[in-house]
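One-letter residues, chain by chain:
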Amino acid sequence: MKVFDFTSGTKGELLADIKRAQYTGGWLVSKNGSVFKVELSGPHGGPEDRWSWVSNAGHTVGGKDVDIRPEDFGVDAICFCTGEFFHLWHAGHPEAESHWCWHVVGTAEWNRCACKSGILKASKHA
């Protein structure tokens, strides 16, 4: 899995090629007793790409979960693709549709700054 710098809010320099993420965290965060859904603002990639901000991601090494953190690559935010997924109801048909799943993980400080600068948006979750 290729990991890219996302500090500027767009897919940047290739940082590493590592074991594929086996899990990702969610996009809901709690702050001051309220729950917020965090999303990327604006379009990213092409129409066949689906991008999401996630609270964390990682894989299992020797039976233990190991988070994939931006700090490990010397940046404030990273993005990576976990693969191409096909819509099951179209599988095996010529008109099958697919999408690529991209994820963004940022440091706590980057997440705060990205919300203030408009890279991320947080909306109150019911």
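Residues numbered from 1 in each chain as written. Predicted model: local features only at pLDDT ≥ 70, side-chain atom pairs only at ≥ 80, totals over all residues. Heavy atoms only, no water.

1. What about the sheet that holds strand β2 (residues 14–17)?
Strand pairing within a sheet occurs via backbone hydrogen bonds; the two strands may be parallel or antiparallel. Selection rule: Pairing between strands requires that DSSP locate at least two bridges from one strand to the other. Secondary structure elements follow DSSP: runs of H or I of four or more residues count as helices, runs of E of two or more count as strands, with numbering from the N terminus. Angular values range over 0 to 180 degrees, each being the angle between N-to-C directions of two axes fitted as lines to C-alpha atoms, with helices fitted over their stretch in contact. Two residues qualify as a contact provided that any one of their heavy atoms is within 4.5 Å of a heavy atom in the partner residue.
Taken in spatial order, the 5 strands make up an open sheet running β2-β1-β9-β10-β6, and their pairing is mixed. A single partner strand is all that each edge strand has here, and the edge strands are β2 and β6 (49–53). Across the sheet, the axes of successive neighbouring strands diverge by a mean angle of 25°, strand direction being ignored. As defined by bridge partners, strand β1 (residues 2–5) adjoins strand β9 (residues 77–86) across 3 bridges and the pair is classed as antiparallel. By the bridge assignment, Asp5 is partnered in β9 with Ile78. This element, helix α1 (residues 108–117), spans β6, β9 and β10 (98–106) of the sheet and lies at about 110° to β10.

2. Comments concerning the packing of aromatic side chains
The following threshold applies: Whether two aromatic rings pair depends on their centres lying within 6.5 Å, for rings of Phe, Tyr and Trp, where Trp uses its six-membered ring; planes under 30 degrees apart make the pair stacked, over 60 edge-to-face, and the rest tilted. With a 1.4 Å probe rolled over the protein chains alone, any residue whose accessible area is under 20% of its type maximum counts as buried; one over 50% counts as exposed, and the rest are partly exposed. Consider the ring centre and the ring normal. A charge sits over the ring if Lys NZ or Arg CZ is within 6 Å of that centre and within 35 degrees of that normal.
Scanning the entire structure with this criterion turns up 4 aromatic pairs. Measuring from ring centre to ring centre gives 4.9 Å for Trp51 and Trp102, while their planes differ by 10°; the resulting arrangement is stacked. Here Trp51 is found in strand β6, whereas its partner Trp102 is found in strand β10, with 51 residues between them in sequence. On the accessibility criterion, Trp51 (19% relative accessible area) is buried. Pairwise contacts between aromatic rings join Phe4, Phe6, Trp51, Trp102 and Trp110 into one cluster. Here Lys11 stacks its cationic end above the ring of Phe4, 4.6 Å away from the centre of that ring.

3. Here's the deal with the nonpolar core
Going by this rule: Residues enter a nonpolar core if they are buried and are Ala, Val, Leu, Ile, Met, Phe, Trp, Tyr or Cys, with the set joined through side-chain atoms within 4.5 Å.
Counting residues in hydrophobic clusters, the biggest one holds 15 residues, and the most contacted among them are Phe6, Trp51, Cys79, Val104, Trp110 and Leu120. The element that contributes the greatest number of residues to this core is β9, accounting for 3 residues. Residues contacting Leu120, with those up to four places away along its chain left out, are Val38, Glu39, Leu40, Ser41, Trp53, Trp110, Asn111, Ala114 and Cys115. Met1, Ala21, Val54 and Ile68 belong to the second-largest nonpolar core, a separate cluster that totals 10 residues.

4. Considering the pattern of salt bridges
Pairing is possible between side chains of opposite charge, provided their charged atoms come close. For clarity, the threshold we go by: By definition here, a salt bridge exists when the distance from a side-chain nitrogen of Lys or Arg to a carboxyl oxygen of Asp or Glu is within 4 Å.
A full pass over the atoms with the stated rule returns 5 salt bridges. Note that Glu109 is salt-bridged to Arg112, the shortest N-O span being 3.1 Å. A residue pair is termed a helical-turn pair when its members lie 3 or 4 positions apart in one helix, as Glu109 and Arg112 do in helix α1 at 3 residues. Relative accessible area serves as the criterion here: at 46%, Glu109 is assigned to the partly exposed category.

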